[in-house]
2 protein chains.
Amino acid sequence: MRRTAADRFRHLFNRSFLLHRHRHHHHNHNHPPFPASSSLSSRSPFSPYRFFFSTPFSSMASDSPFPVTAQNINPKVLKCEYAVRGEVVTLAQNLQKDLLANPGSHPFDEILYCNIGNPQSLGQPPITFFREVLALTDHPAILDKSETQGLFSADAIERAWKIVEQIPGRATGAYSHSQGVKGLRDTIAAGIEERDGFPANPDDIFMTDGASPAVHNMMQLLIRSENDAILCPIPQYPLYSASIALHGGFLVPYYLNEASGWGLEIPELKKQLDAAKSKGINVRALVVINPGNPTGQVLSEENQRHIVDFAKQEGLVLLADEVYQENVYVPEKKFHSFKKVARSMGYGEKDITLVSFQSVSKGYHGECGKRGGYMEVTGFSAEVREQIYKVASVNLCSNISGQILASLVMSPPKVGDESYESFMAERGNILASLARRAKTLEDAFNKLEGVTCNKAEGAMYLFPQIRLSQKAIKAAGEAKTAPDNFYCKRLLNATGVVVVPGSGFGQVPGTWHFRCTILPQEEKIPAIVSRLTEFHKKFMDEFRD
Amino acid sequence: MRRTAADRFRHLFNRSFLLHRHRHHHHNHNHPPFPASSSLSSRSPFSPYRFFFSTPFSSMASDSPFPVTAQNINPKVLKCEYAVRGEVVTLAQNLQKDLLANPGSHPFDEILYCNIGNPQSLGQPPITFFREVLALTDHPAILDKSETQGLFSADAIERAWKIVEQIPGRATGAYSHSQGVKGLRDTIAAGIEERDGFPANPDDIFMTDGASPAVHNMMQLLIRSENDAILCPIPQYPLYSASIALHGGFLVPYYLNEASGWGLEIPELKKQLDAAKSKGINVRALVVINPGNPTGQVLSEENQRHIVDFAKQEGLVLLADEVYQENVYVPEKKFHSFKKVARSMGYGEKDITLVSFQSVSKGYHGECGKRGGYMEVTGFSAEVREQIYKVASVNLCSNISGQILASLVMSPPKVGDESYESFMAERGNILASLARRAKTLEDAFNKLEGVTCNKAEGAMYLFPQIRLSQKAIKAAGEAKTAPDNFYCKRLLNATGVVVVPGSGFGQVPGTWHFRCTILPQEEKIPAIVSRLTEFHKKFMDEFRD
């Protein structure tokens, strides 16, 4: 007789369950803490993952001709999930192939990828100055050719010269220092100082291929066993749950308060931390995403001060995901880096351990494909720093174009530079348009029956809540999927719009959401809104209790 | 009383030793298997690592103000070592700073980095065609400008157009498919087919930021616990020992036979595998580096057939590091990919599980800073493939410039293209010069007292053996370092030449080596040889028994 997927899944983890049986008793509570994204309890914020497992396991053959099987790979890999490119997106890719092969076979003629913060894939043009500098540093041989002056702005040529000179031997094709080219780190540190009004040290900068590897580095450093935990917001960006799962740790969730605009409340942090500690779990770090992903909230400076004090008092590393620092759309809110907040409270290097993640993939530029980013690492002892450096050195260095771009993002054209006006216009247009799109989509969601949607104060997403009928929930159960997954797949099949089910980010058990980016081109938004509205009406009618 | 570094180190691992105490009894043998790079036994090929640990631990304070200390980070991070950017290189960087601050303070005026395969850092120019295409795809806005035709070759413009069209939405700044842009994978698959004469599937290609992340991905997939092991050559490229340590696995070494030109001998493989299996260790994969790093040997096709049969019979994944496939310097040897060899033996997808690693960092182009690479993954079941894809998707994609470059490397200019002649000239000059440099350095090493050096048939390194006197070994012991480390630090301080001690790669216990790249510019080689020769004479005289 075939075992069920859940049985197989349990079987896979028998060994670790046995090894740590005494601890697993503690986890049978209605609410977390729970092992990162591996909980089978229907009360965890990630419950729908159990459904996701039915797909890969259904095709398992016990007489596999292959030495590597799903039964004998690293169970941490099996545990890890990343819904942003998960089941719904795979379905969308198949639909796209189908549309190409059989035009007219679906009630839409294109797939609209609102699942991922990937602005240029939806038509956002790159910032000209950035691309000019990248092209020139990729092929420095043309820097002193006369034709170059006709093709590139004077300040791009000047900047490219400066950067090429900063790279030892002008070798833009060489491995750099493991932390990144020193001159580029100098530029970034200067940019941080200008942003914050407090000093930044280029030796604190570790440049990485986007922010994701930096997050992995920190999880790898901090997580020793599944008894080590990281406090993460719920909902969260699933890189965190995935990385914690891959490193064999434990995710302790704290819930953002949807009713107060996804507020981050210290009593909730304290409650969850204490609950975890009382079970003997070592909570090592606190992740804060500001501006929020998927929630779009921008923290107030006062709130940040309380968070800093909390992390300091509790001896937690503060992991500050600040990749959306340029994406703030409301005049009443402003981005403040946690380092600035901590320093303005008088806390120095020895008072708080703080890591800030930054990326070239977000902001107004959205250069996702360039994989540039860095972490600024403060408040670590010299010997731990040495270990962080050692791990960075195993991977040699991040890509130089990404390093260059990270330096440009932290040091864009200034008043008086030839590109300044056009740069500011490009930047301003993109940010203003993003703000308009966020508002239009937010309004549209709030007009739907049973849907409420907080404002996107920042970042690139809306995370509306959908109140689903019992009938819809039952239908999802029959389709062996989570209700939000059921809704999102229906939406995709009816409209070609790809959004990510809330279960991929975590949500208060019993509530259902989805994440939708604000990135489709502005002229496409009205059509999206009408397709979405029409679908939603039909869905609600079909499943009315 | 202060505890010794080794005591502290042991203390750190008490918990895992206790958990797995029954197994650790098996490891107390004179010869490996041994936990990756963590063995404290002086009979392991990595013995000198115990000395390296004295540095970070000597500065440890028990009353640290920081929540994260060397005592409470992930012990796997502590275990991992990467000598290519290790202690000697850190010393060199300090010397370089000192030279800048105090010119004339040392008996040399520059540091010569022969520690790492980083050709462009030592003056090797990039391949013009590759850089032209990169610049144009970075800034496609200039593709149809008339000035562009004066600056770039016609086939570079044409290729850039083709690539831009292959990228969905022409968005060179967007995240791509998690495995890489489909059109670029098509190009790579076609390049593999042309190289091998056997079909390649673009869906088997996973593009990565250099080859290192691909190696990590495989270790992460295969290693479940420290009872899982990977068969690695000794000497090996330390990425393997580092990655195995980081993933908590076990390195089972097989020794290359220095006397037969670093021969890879099946009986040795079999002996080590059986010894590991008899101890209950699960050996999951076999790493083969061809051309060899640090050894420079190029495997014969017959040898490769035996290796394929061995991996097949033993149910091991064959992890083929083929990043030096373009670097073969002797007419009697030719590179054959393991996939070609396996297919030519009639073995298909279901007969052998094979992963080939390729990188843009090596070859004649040496584009290390671009971080391009891929793995070609064959012989995995659909459900395992799905897991590999999932982990790739967590990191979104590798950098697009690196992806483009990987496609160019696998599809360079062809006869009749405008760039063909100049491309072939650039390529030929570099490869011919590398071959001359390898020979000159090999001859120079072989002229030194007590030194023997095998030929570099391929790759970028020589790995000479130095027979050190008892007096030198005693002096190293007094300096609390390994004898090869002692020699390399002396060499650095006397000449500014940076090489990596053999203990970083592993070596037969009691033998001492160092790795030296063949990459310094040709005109500098005579000076290097004379500095090296002079130093060596003095060293031998000083420590004559």
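The rules behind these values
Residues numbered from 1 in each chain as written. Chains lettered and ligands numbered in written order. Predicted model: local features only at pLDDT ≥ 70, side-chain atom pairs only at ≥ 80, totals over all residues. Heavy atoms only, no water. UniProt positions renumbered as here; feature names shortened; annotations may be inferred. Helix = DSSP H or I, 4+ residues; strand = E, 2+ residues; numbered from the N terminus. Buried < 20%, exposed > 50% of the residue type's maximum accessible area, 1.4 Å probe, protein only. Contact = heavy atoms within 4.5 Å. Areas by Shrake-Rupley, 256 points an atom, 1.4 Å probe, with all protein chains shown as cover. Expected span 1.5 Å × (residues − 1). Least-squares fit on C-alpha atoms with pLDDT ≥ 70 in both. Pairing = 2+ DSSP bridges.

- In the annotation of an unreviewed UniProt entry, the entry for chain A reads alanine transaminase, and the organism field reads Vigna unguiculata.
- Here chain A is described in UniProt, under the heading Sequence similarities (unreviewed entry), as follows: "Belongs to the class-I pyridoxal-phosphate-dependent aminotransferase family. Alanine aminotransferase subfamily."
- Here chain A is described in UniProt, under the heading Cofactor (unreviewed entry), as follows: "pyridoxal 5'-phosphate".

A look at the overall build of chain A
- Summing up its helical and strand segments, chain A has 22 helices and 15 strands in all.
- A burial count over chain A gives 65% of its 545 residues as buried.
- Contacts spanning at least 24 positions in sequence make up 73% of the contacts within chain A whose residues lie at least 6 apart.
- Only carbon and sulfur atoms are counted for the fraction: they give 53% of the accessible area of chain A, which is about 18,800 Å².

A few points about helix H21 (residues 483–495) of chain A
Residue and element names in this part refer to chain A.
- Taking 1.5 Å per residue, 13 residues should reach 18 Å; H21 reaches 18 Å between its end C-alpha atoms and fits that length.
- When you tally the buried positions in H21, you get 10 out of 13 residues, the bulk of the element.
- For H21, the complete set of buried residues consists of Pro483, Asp484, Asn485, Phe486, Tyr487, Cys488, Lys489, Leu491, Leu492 and Thr495.
- Glycine 496, located one to two residues past H21, shows a positive phi value of around 80 degrees.

With respect to the relation of the copies chain A and chain B
- Aligned on chain B, chain A shows an RMSD of 0.0 Å; the corresponding rotation is 180 degrees and the shift along the axis is 0.0 Å. On this basis, the relationship between the two copies can be described by a two-fold rotation axis. Minimal C-alpha distance to the rotation axis in chain A is attained by alanine 135 of chain A, lying at 2.0 Å.
- The share of interface residues of chain A whose copies in chain B are also at the interface is 100%, consistent with both copies meeting through the same surface.

Quick notes on the sheet that holds strand S14 (residues 500–501) of chain A
All names here are of chain A.
- Taking strand neighbours across the sheet as the criterion, the 3 strands line up as S11-S15-S14 in an open arrangement whose pairing is antiparallel. Only two strands of the sheet have a single partner each, and these edge strands are strand S11 (461–462) and S14.
- Relative to strand S15 (residues 514–517), S14 runs antiparallel, the two being bridged by 2 bridges. The partner of proline 501 across the bridge, within S15, is phenylalanine 514.

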